[in-house]
Amino acid sequence: MTALLELAEVARHFPVRDALGRARGAVRAVDGVSLAVPPGSVLAIVGESGCGKSTLGRLALRLIEPDAGAIRFLGEDLRALSPRALRARRRDMQMIFQDPFASLDPRMTVEDAIAEPLRLHRIVPRGGERARVAELLERVGLRPEAARRWPHEFSGGQRQRIAIARALASGPKLVIGDEPVSALDVSVQAQVVNLLRDLIRDLGLTFVLISHDLGVVRHIADRVAVMYLGRIVEEGPAAEVFADPRHPYTRALLAAVPGMGAKAVPIEGDPPSPIAPPPGCRFHPRCPHAEALCRAEAPPLAGGAHAAACHLQSRLPPPPVLRGPDRGGERLRRLQSFFGAPAPQPETTGINA
Amino acid sequence: MRPPVLEVIGLTVEFATDRGPLRAVDGVSFRVGAGETLAVVGESGCGKSVTSLAIMGLLPPGTRLGGAVRLLGEELLGQPGRAWQGRRGRDLAMIFQEPMTSLNPAFTAGEQVAEALRLHEGLAPRAAMDRAVEMLARVRIPEAARRARQYPHQLSGGMRQRVMIAMALACRPRLLIADEPTTALDVTVQAQILALLDELKRETGTAVVLITHDLGVVADHADRVAVMYAGRIAETAPADTLFARPEHPYTVGLLGAVPAIEGGAGRLASIEGTVPDLRRPPPGCRFAPRCPFAGRDCEAQPPLAEVGAGHAAACWRAPLDRMLAA
Ligand SMILES: Nc1ncnc2c1ncn2[C@@H]1O[C@H](COP(=O)(O)OP(=O)(O)OP(=O)(O)O)[C@@H](O)[C@H]1O
Ligand SMILES: Nc1ncnc2c1ncn2[C@@H]1O[C@H](COP(=O)(O)OP(=O)(O)O)[C@@H](O)[C@H]1O
Ligand code: SF4
Ligand code: SF4
Ligand SMILES: [Mg+2]
Ligand SMILES: [Mg+2]
């Protein structure tokens, strides 16, 4: 099956200048990333601040230019497209950002904001816009009356729904969400997570979810790619990456998620600077398993459908057993069913086991 | 029982705004003992920060305060600003979400910690600087002596937060208020900082009020929890009890709304709607417009009533098992 989106050895470096404007090296924001996103799947890109997630997302849509590598959408190299052909392609590729306050123009009514892509790509016949906007608003759980109002009249969660409606207006095949629920409070975040899940399923969307929140990722993604300092260190099916993390950094990330009774000793140190990444394996200064080889040679991403970039991948001890707090068992699940949550059979993963 | 380090009784805080009075905190009570961590958890705008600023005496002038705030048995509300000032740093300390706002960009990390020590412990400049470097090493800043000479902008977010903690704990305060101390940090750094706070608390016996919106942080680091909703305490319990037997519908919904990594890929519980506007709060129970168990009786305000040992919920339906029997 051909991937909807495919990145091959993509890199983007940003020059770093000193106060006098002289070049002082480069931030290797994305440094050789390959990925394939099959149609109808949800890939999550996770990692800590500054590891290159947003840069990768923007590269994937060619909102910024790569320094190296190929980006293919439906097999077609986006770099080879003329500006005009690229503009036409934009209809199929949309982005949702973290900050719904910044991504909506305060001088546009909700209707205008959602209708803009419809007009731009001449998607509905003149006069048909209003009905389509109403339909989109309903899809994202807002009333049609919202169309006549202004963005500032809405709460953060409602604005994010409007931004989602706008992104869906052109009927895209691919949507990239860059921390789409990170700015929202828990109760509203849950509403938008559920909405995204429903939209992805009902519209058959291909979705790339950029997030630092592993809980959100667990609920939405089919596959997960873990980034560290501009590179992918692990990639695989979500259930497997969570249950059987193969890279020491992935393990550290999972162990650091609060609420897992994390009595595990957290890894030391801050992520190093992407201007001068450590030689060899970039994780080695913080890795509890590092050996001489790790300091000398960069490990390749290897292992097939669940791959990790670690020299010791086959020799690592089993992942630490983490256990979530007792979430109140059957009683709590039954009470929560009043809040629209199904009373699920608790899924057993290796993390719990 | 030993007198608590901090006792808050019926605290109310009201701001005058151009669209009328806003009661951000409405009758909040809790107590924290030595060496205990009380987590105050809730969504943004529910009054967590206002509560902590009230305890610290840091609310803007003109704010209307009611109730009582007792530190080591001594009433603080209504005292002149000077009395607070003496207390801050020595008995009371606070760390904020964004350390940049409370660190002075013009002074080095070492100078700022040393300043706190000179002010409150009366140390000579040289001795203060030595102690400051010691403190920075204790909060595990690598190469503390070198880092002490650096300015805040030269430090990472995690390191700045460590400097804040060093400053806050330099004088061994009896009470530490940590308002979202790790919200701006990456998870691996958050884990380091929270582990450090736990360790320092064990050593010094400081009482900690940990303000957070993250139930995972509560589960790992709190002894007791107060769940706030729209300016009031909805439920308070020992942390284990809260997760095992929540008795307020808001807590129940909140626990189900958190996407957990061990939860598998399911739909989340969702609390419909949004938090009320505090200028026009609903009558009676403030959660009623979003509560699946709401009825006519909820138009009267439910008291925070005992439902178990150290466990109280402000809900007419608590204990909730009745809802399941039906
Ligand atoms: N336009 C730019 N010019 C210079 N450096 C940049 C630029 N954009 C990003 N960077 C740098 O590239 C690196 C990766 O940035 P990116 O925004 O992709 O990270 P991220 O993973 O999205 O982080 P976060 O979780 O904080 O959003 C960072 O070091 C960042 O400072
Ligand atoms: N100085 C102020 N003047 C007016 N309203 C305020 C002020 N400070 C806070 N508020 C309001 O009080 C409520 C509680 O705020 P806060 O305690 O900061 O919430 P949080 O729980 O997110 O920390 C919010 O509605 C906020 O807008
Ligand atoms: S390659 Fe070596 S340093 Fe890198 S993650 Fe694996 S064990 Fe650790
Ligand atoms: S008092 Fe009524 S509205 Fe409030 S939480 Fe209880 S059942 Fe719900
Ligand atoms: Mg980003
Ligand atoms: Mg706050």
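Please read all numbers here as calculations on a predicted model, not as lab measurements.

The rules behind each value
- Residues numbered from 1 in each chain as written.
- Chains lettered and ligands numbered in written order.
- Predicted model: local features only at pLDDT ≥ 70, side-chain atom pairs only at ≥ 80, totals over all residues.
- Heavy atoms only, no water.
- Helix = DSSP H or I, 4+ residues; strand = E, 2+ residues; numbered from the N terminus.
- Rg over C-alpha atoms; globule rule 2.2 N^0.38 Å.
- Buried < 20%, exposed > 50% of the residue type's maximum accessible area, 1.4 Å probe, protein only.
- Contact = heavy atoms within 4.5 Å.
- Areas by Shrake-Rupley, 256 points an atom, 1.4 Å probe, with all protein chains shown as cover.
- Lys, Arg positive; Asp, Glu negative; His and termini not counted.
- Charge placed at Lys NZ, Arg CZ, Asp CG, Glu CD.
- Core = buried A, V, L, I, M, F, W, Y, C linked by side-chain atoms within 4.5 Å.
- Phe/Tyr/Trp six-rings, centres within 6.5 Å; stacked < 30°, edge-to-face > 60°.
- Polar contact = N/O pair within 3.5 Å; in protein donor to acceptor, adjacent residues only side chain to side chain.
- Near = heavy atom within 4 Å.
- Nonpolar A, V, L, I, M, F, W, Y, C, P; charged D, E, K, R; others polar.
- UniProt positions renumbered as here; feature names shortened; annotations may be inferred.
- Salt bridge = Lys/Arg side-chain N within 4 Å of Asp/Glu carboxyl O.

Draft legend 1. Seen up close, the overall build of chain B. The number of helices and strands found in chain B is 12 helices and 12 strands. Here the C-alpha atoms of chain B give a radius of gyration of 21 Å, agreeing with the 20 Å that 2.2 N^0.38 yields for 326 residues. Looking at chain B residue by residue over its 326 residues, the buried ones come to 56%. Put simply, 64% of the contacts in chain B that link residues at least 6 apart link residues at least 24 apart. Of the roughly 13,200 Å² of accessible surface on chain B, 53% is carried by carbon and sulfur atoms. A gap of 4 Å separates the mean positions of the 36 positive and 35 negative side-chain charges of chain B.

Draft legend 2. Representation of the nonpolar core. Judged by nonpolar contacts, the single largest core of 138 residues is most densely connected at Ile 114 and Ile 164 of chain A together with Leu 6, Phe 30, Ile 55 and Leu 175 of chain B. Not counting residues up to four positions away in its chain, the partners in contact with Ile 55 of chain B are Leu 6, Val 8, Phe 30, Val 69, Leu 76, Trp 84, Leu 92, Leu 175 and Ile 177 of chain B. Leu 117, Ala 166, Val 189 and Leu 200 of chain B belong to the second largest nonpolar core, which has 37 residues in total.

Draft legend 3. Broad picture of the packing of aromatic side chains. What the rule picks out here adds up to 7 aromatic pairs over all chains. Taking the centre distance of 4.5 Å and the plane angle of 55 degrees together, the rings of Tyr 229 of chain B and Tyr 250 of chain B count as tilted. Here Tyr 250 of chain B lies in helix H11 (residues 249-257) and Tyr 229 of chain B lies in strand E9 (residues 224-229), a separation of 21 residues in the sequence. Residues Tyr 229 of chain B and Tyr 250 of chain B agree in their burial class; the two are buried. Ring pairing ties together the aromatic residues Tyr 228, Tyr 249 and Phe 283 of chain A, which thus form one cluster.

Draft legend 4. Quick peek at the environment of Thr 188 of chain B. In this structure, Thr 188 of chain B sits in helix H8 (residues 187-204). Judged by its relative accessible area of 1%, Thr 188 of chain B falls in the buried class. Considered as a pair, Thr 188 of chain B and Met 135 of chain B are 53 residues apart in the sequence and their alpha carbons are 22 Å apart. When near neighbours in sequence (up to four residues on either side) are disregarded, Thr 188 of chain B contacts Glu 48, Ala 252, Leu 253, Ala 256, Pro 266, Ile 267 and Arg 286 of chain A. A polar side-chain atom of Thr 188 of chain B sits 3.2 Å from a polar atom in the side chain of Arg 286 of chain A.

Draft legend 5. The site of ligand 4, seen in detail. Taken together, 13 residues form the shell around ligand 4, and within it Cys 285, Cys 291, Cys 298, Cys 315 and Arg 317 of chain B come nearest. Taken together, the residues of the shell around ligand 4 sort by class into 11 nonpolar, 1 polar and 1 charged.

Draft legend 6. Highlighting the UniProt feature "domain: ABC transporter" (unreviewed entry) in chain B. According to UniProt, the positions carrying the feature "domain: ABC transporter" (unreviewed entry) are residues 6-255 of chain B. What you have in residues 6-255 of chain B is 41% helix and 27% strand, and the ends, taken at the C-alpha atoms, are 28 Å apart.

Draft legend 7. Just the side chain of Glu 179 of chain A, in detail. All names here are of chain A. Position of Glu 179 relative to the elements: it lies in the loop between strand E7 (174-178) and helix H6 (186-203). Buried charge without a salt bridge: Glu 179, with Lys 53 as the nearest opposite-charge side chain at an N-O distance of 4.5 Å. When near neighbours in sequence (up to four residues on either side) are disregarded, Glu 179 contacts Lys 53, Gln 98, Ile 210, Ser 211 and His 212.

Draft legend 8. Fine view of unusual backbone geometry. All names here are of chain B. Backbone torsion omega between Ala 318 and Pro 319 reads -5 degrees, so that peptide bond is classified as cis. Relative to the assigned elements, Pro 319 resides in the loop between strand E12 (311-313) and helix H12 (321-325). Within the chain, Glu 180 stands out as a residue other than glycine whose phi angle is a positive 50 degrees. Here Glu 180 lies in the loop between strand E7 (175-179) and H8.

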